Structure formats: C-alpha cells, structure tokens
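Structural features, examined
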Amino acid sequence: MLSTKFATASALICIGLGFGQAATLRDSRIANPSAIAADAGVSYCFARVRGLDPGRQPPAYLVLRLHVTVSYRNPGTRPLILPLERERTIYTALKPGSMSVFKEGIGLFDPTFKPMEDLPADVSPDSPVTPKNDVFAVIPAGGEMTPPLLEEITLPVSREGLFKKYPDLRGHRVYLKLRFVHRELSAALEASLSDRWSRFGVPWTGTLTTNTILIDVPAAPEAAPCKDNDTPAHPAVGLEHMK
C-alpha cells in the first residue's frame, strides 16, 4: 500500500479575538482558558467508500487530511484541572463570515457525555495526574497544557455523491475552526474534587472555540491511495453547506 504524501499547509492564520468562548463557571473569579490552533499539517489521499462488494463501489475520491495541534492556555493565577473527554464540532466555510457545522460521518455513533458522577477506576481521588491517566489534565497558571490536543480531520476535496452535491475544493481556500465541549462534573463530584485536589488546581469544564484556520487547497494536489487506517469509515457529509 502506498503511503500518503504530505504537503505543507499553505496558510495557517489566527483570525479574530476571544479564542476562549467558555461556558459560565460557578466561580467567576476563575479565568477561562483559550484554545489556540497553533500548528497543522495537510496531506491528500484517494479514499474509497467501504462496502461488502468492492466491485460495486464508486471510484476513489480525493480527501484532505488535516492534523491540527490545539494548545490550551491558562491566563489565570490558578492551575485548571479539566476532563479530557470532549465533544468536537467542526465549522467550515469557503469565504469569510458565517460558518456552518461540518458533519463527520453519519452521526449514528457520536458520543453523548453525561455529567461524570464518580471518578474512573484509574484516577486517584488524591491526585488528578498521579497515577498517569488520560481522563484529566492540568493547565498550569499562566502556562499551557502539556501535551496539547492532536486533532485529525478529513474533508472530501473532489467527490460526486449520489444524493448530495459536494463542492470541489481544488484551487479554493477553506476556513475551518473547532469547538470543544468538555465533559461536565456533577455538582457533588466537583465539590469533592475542589477540596481533595485544591493543591493541584481548581476543576474547570466548559466550551472552547479555536481561532480560524485557513487552508489553501492546490488546484492539483499530489496524492496517493489512502492507507487502510486513513480511509474514512463513512463518507463525510455536510460539506455542501460550505458556501
């Protein structure tokens, strides 16, 4: 299987102010973090729609794979402890201004998080980070979360759908931003952790929206067949709203 050819993103620009659009906190004295899309890599490959009979599948179509590094920054004077479980929403447009939701997949298996009532078994009630886990992270006061979030996004570039018309992105600029809704804690659990973890920081949950990323798609992107693990499980839908 041929490996995907990578290309350098032609433009990554932060637009506008107010990166951290966070939900209301119980303690208004706690500074909200911001989410900054600081780096990205762009690659192109030819994907195929999966099916039981390969001989009856439509031709491969060109997709753009975006690898985004999102840095969470804490401007406040107290460390923030946040749950890493989150719901992701992608917004896209083909021109400056309003942006539409880009639906990933067919939406049947999108995660829906209920407030966390109890700590998972691998999280100590005495520390959010010891032993090491992937449930909580701490953003130091005046610093950034380490490691940052790594987000992978797949957009169809040139594809004809049977029931939907997808825009041809070749030679166009795509505007994209991300919104994250971090899993909430129940009131009882948050109160308990605020006391137990006070020396590590203060619990935080809410919504953060990144700055806008600009991607200039070449008129003739260099691409090879997508690797098996790179091929979208379901054809992406919703790009027809990028107008």
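Now for a look at the structure at hand. (Residues numbered from 1 in each chain as written. Predicted model: local features only at pLDDT ≥ 70, side-chain atom pairs only at ≥ 80, totals over all residues. Heavy atoms only, no water.)

**Quick notes on the nonpolar core**
Our working rule: We define a nonpolar core as any set of buried Ala, Val, Leu, Ile, Met, Phe, Trp, Tyr and Cys residues linked to one another through side-chain atoms lying within 4.5 Å. For every residue, the accessible area (1.4 Å probe, protein chains only) is compared with the maximum for its type, and the residue is labelled buried under 20%, exposed over 50%, or partly exposed between those bounds. Here a strand is any run of E in DSSP of at least two residues, a helix any run of H or I of at least four, and the numbering for each starts at the N terminus. Any pair of residues with heavy atoms lying within 4.5 Å of one another is described as a contacting pair.
Core analysis: the largest hydrophobic core is formed by 35 residues, its most contacted members being Leu 66, Tyr 72, Leu 176 and Ile 215. Top element by residues in this core is strand β3 (residues 61-73). It accounts for 6 residues. Apart from the residues lying within four places of it in its own chain, the contact partners of Tyr 72 are Ser 34, Ala 35, Leu 82, Ile 139, Gly 143, Glu 144, Met 145, Leu 149, Phe 180, His 182 and Leu 208. Listed in part, the 9 residues of the second largest apolar core include Ile 81, Phe 136, Leu 189 and Trp 197.

**So, the packing of aromatic side chains**
Selection rule: Two rings from Phe, Tyr or Trp (for Trp, the six-membered ring) form a pair when their centres are within 6.5 Å of each other. A pair whose planes differ by under 30 degrees is stacked, one over 60 is edge-to-face, and the rest are tilted.
One pass over the structure, following the stated rule, counts 2 aromatic pairs. When the ring of Phe 136 is compared with that of Trp 197, the centres are 5.1 Å apart and the planes differ by 85°; the resulting orientation is edge-to-face. Here the residue Phe 136 occupies a position in strand β7 (residues 136-139), and Trp 197 occupies one in the loop between α1 (187-196) and β10 (202-203), the gap between them amounting to 61 residues. Given a relative accessible area of 4%, Phe 136 falls into the buried group. What makes Trp 197 buried here is its relative accessible area of 0%.

**Structural notes on the environment of Pro 131**
Position of Pro 131 among the secondary structure elements: in the loop between β6 (100-102) and β7. What Pro 131 contacts, discounting residues up to four positions off in sequence, is Asp 122 and Ser 124.

**Brief notes about the pattern of salt bridges**
Our working rule: One side-chain nitrogen of Lys or Arg within 4 Å of one carboxyl oxygen of Asp or Glu is enough to make a salt bridge.
On inspection of all chains with the given rule, the structure shows 8 salt bridges. As a salt-bridge pair, Arg 73 and Glu 144 come within 3.2 Å of each other at their nearest N and O atoms. One end of the pair, Arg 73, is in strand β3; the other, Glu 144, is in the loop between β7 and β8 (149-158), with 71 residues separating them in the sequence. A salt bridge links Arg 196 to Asp 126; its shortest N-O distance comes to 3.5 Å. In this pair, Arg 196 is assigned in helix α1 and Asp 126 in the loop between β6 and β7, connecting sequence segments 70 residues apart. The exposure class assigned to Asp 126 is partly exposed, which follows from its relative accessible area of 46%.

**Topic: the environment of Arg 88**
In plain terms, the rule: Here a polar contact means two N or O atoms within 3.5 Å. Within protein one must be a hydrogen donor candidate and the other an acceptor candidate, and residues neighboring in sequence count only if both atoms are side-chain atoms.
Mapped onto the elements of the fold, Arg 88 is located in strand β5 (residues 86-93). Judged by its relative accessible area of 24%, Arg 88 falls in the partly exposed class. It is 9.7 Å that separates the C-alpha atoms of Arg 88 and Glu 104, two residues lying 16 residues apart in sequence. Apart from residues lying up to four places away in sequence, Arg 88 is in contact with Glu 104, Glu 151, Glu 152, Ile 153, Leu 178, Arg 179 and Phe 180. Within the structure, the side chain of Arg 88 is placed 2.8 Å from the side chain of Glu 151, a separation counted as a polar contact. Of note is the side chain of Arg 88, whose polar atom sits 3.1 Å from the backbone oxygen of Glu 152.

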